[in-house]
Amino acid sequence: DDPILATVASTPFEARRAQALTLLLWSALQFPLSLEKAKRGTTLTWTSATFALLSSPEWGIRVRVKQELVEDARKMVAATLSSNIVPRKTLESLVGKLTHIASLVSALRPFLSELYAALHSSAPSNAPPNCIWRRQVYPGLSWVDVFLGETVGPLQRDYWISAHSADCGEVE
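Residues numbered from 1 in each chain as written. Predicted model: local features only at pLDDT ≥ 70, side-chain atom pairs only at ≥ 80, totals over all residues. Heavy atoms only, no water.

Novice: How do you make sense of the pattern of salt bridges when you look at a structure like this?
Specialist: Should their charged atoms come close, side chains of opposite charge can pair. Under the counting rule described, the total for this entry stands at four salt bridges. In this structure, the salt-bridge partner of D158 is R62, at a minimum N-O distance of 2.7 Å. Taken together, the residues span a long stretch of sequence, with D158 in strand β6 (residues 156-160) and R62 in strand β3 (residues 60-65) at a distance of 96 residues. (Salt bridge = Lys/Arg side-chain N within 4 Å of Asp/Glu carboxyl O. Helix = DSSP H or I, 4+ residues; strand = E, 2+ residues; numbered from the N terminus.)

Novice: What is the right way to look at the packing of aromatic side chains in this model?
Specialist: Describing an aromatic ring pair means giving the distance of the ring centres and the angle of the ring planes. The full count for this structure, using the stated rule, is two aromatic pairs. Ring centres 5.6 Å apart and planes at 15° place the aromatic pair F111 and W143 in the stacked group. In this pair, F111 is assigned in helix α4 (residues 109-120) and W143 in helix α5 (residues 138-148), connecting sequence segments 32 residues apart. By relative accessible area, F111 is classed as partly exposed at 22%. Their ring planes at 50° and their centres at 5.7 Å tell us that F111 and F147 sit as a pair that is tilted. Here F111 is found in helix α4, whereas its partner F147 is found in helix α5, with 36 residues between them in sequence. Site record: aromatic cluster; members linked through ring pairs are F111, W143 and F147. (Phe/Tyr/Trp six-rings, centres within 6.5 Å; stacked < 30°, edge-to-face > 60°. Buried < 20%, exposed > 50% of the residue type's maximum accessible area, 1.4 Å probe, protein only.)

Novice: I keep staring at unusual backbone geometry and nothing clicks. Help me out?
Specialist: Most peptide bonds take the trans configuration, and most residues that are not glycine carry a negative phi. Notably, Q30 is not glycine yet its phi reads approximately 65°, a positive angle. Residue position: Q30 is located in the loop between α1 (12-28) and β1 (43-46). Exposure remark for Q30: the relative accessible area of 69% places this residue in the exposed category. Residues other than glycine seldom take positive phi values, yet N130 does so here, at roughly 60°. On the secondary structure map, N130 appears in the loop between α4 and β5 (131-133).

Novice: Would you mind showing me how to read the packing of helix α3 (residues 88-102) against α4 here?
Specialist: Helices that pack against each other are described as a pair by the angle of their axes relative to one another and the distance between those axes. At a closest axis distance of 10 Å, the pairing of α3 and α4 adopts a crossing angle of 155°. In terms of orientation, α3 lies roughly antiparallel with respect to α4. Taken as a pair, α3 and α4 cross one another with a handedness that is left-handed. Residue-level inspection shows R88, L91, E92, V95, L98, T99 and A102 of α3 in contact with α4, the latter providing R109, L112, L115, Y116, A118 and L119. (Axes fitted to C-alpha atoms, helices over the stretch in contact; angles between N-to-C directions. Parallel < 35°, antiparallel > 145°, perpendicular 65-115°, else oblique. Left-handed = near helix turned anticlockwise from the far one by under 90°. Contact = heavy atoms within 4.5 Å.)

Novice: Would you explain the environment of R134 in this entry?
Specialist: Counting through the fold element by element, R134 comes out in the loop between β5 and α5. R134 gets classed as partly exposed once you look at its relative accessible area, which sits at 26%. Sequence separation between R134 and L81 is 53 residues; the distance between their C-alpha atoms is 6.8 Å. Among residues more than four places away in sequence, those in contact with R134 are T80, L81, S82, S83, N84, I85 and V86.

As far as function goes, none of this settles anything; it's purely spatial.
Structure below.
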């Protein structure tokens with residue numbers, strides 16, 4: 001519902017032309033477009049990420065999780081770790097945010113399985129109604145907290161054009 005288009009061209013005119021032709025095609029195919037929300041540039045914020053054009057040493061795009069999303073998730077993790085019980089609704093909301101972040105930072109995904117397991121477990125735990133014990137999610141949330149702390153750098157991913165180009169060698 002919110003399409004994104006990255007255009008690499010040798011001249012600004014060619015880039016604008018490629019964008020215009022793509023918009024014409026999408027319009028002809030009757031895709032719903034909201035041109036009022038359209039943005040152009042070398043660095044853009046779109047939904048929950050910032051996209052930046054990379055040109056050295058080669059062409060690519062850097063996708064970085066929006067800092068507000070990281071900070072919000074980190075506050076939720078801290079609040080969850082500070083209590084002995086976790087309301088299911090709180091954990092569901094946190095897992096939704098973390099899943100969104102994990103769509104860009106795939107190294108985070110393995111730690112979410114523990115959270116899903118706690119949410120969908122049918123085993124009795126003697127926790128209050130609609131709650132789970134913190135100990136059920138503590139290891140996974142501790143690792144998530146380290147990721148969100150960005151101690152080894154920002155939550156980002158680089159996509160290089162050469163890795164996705166048609167010049168990948170011959171196929172026999």
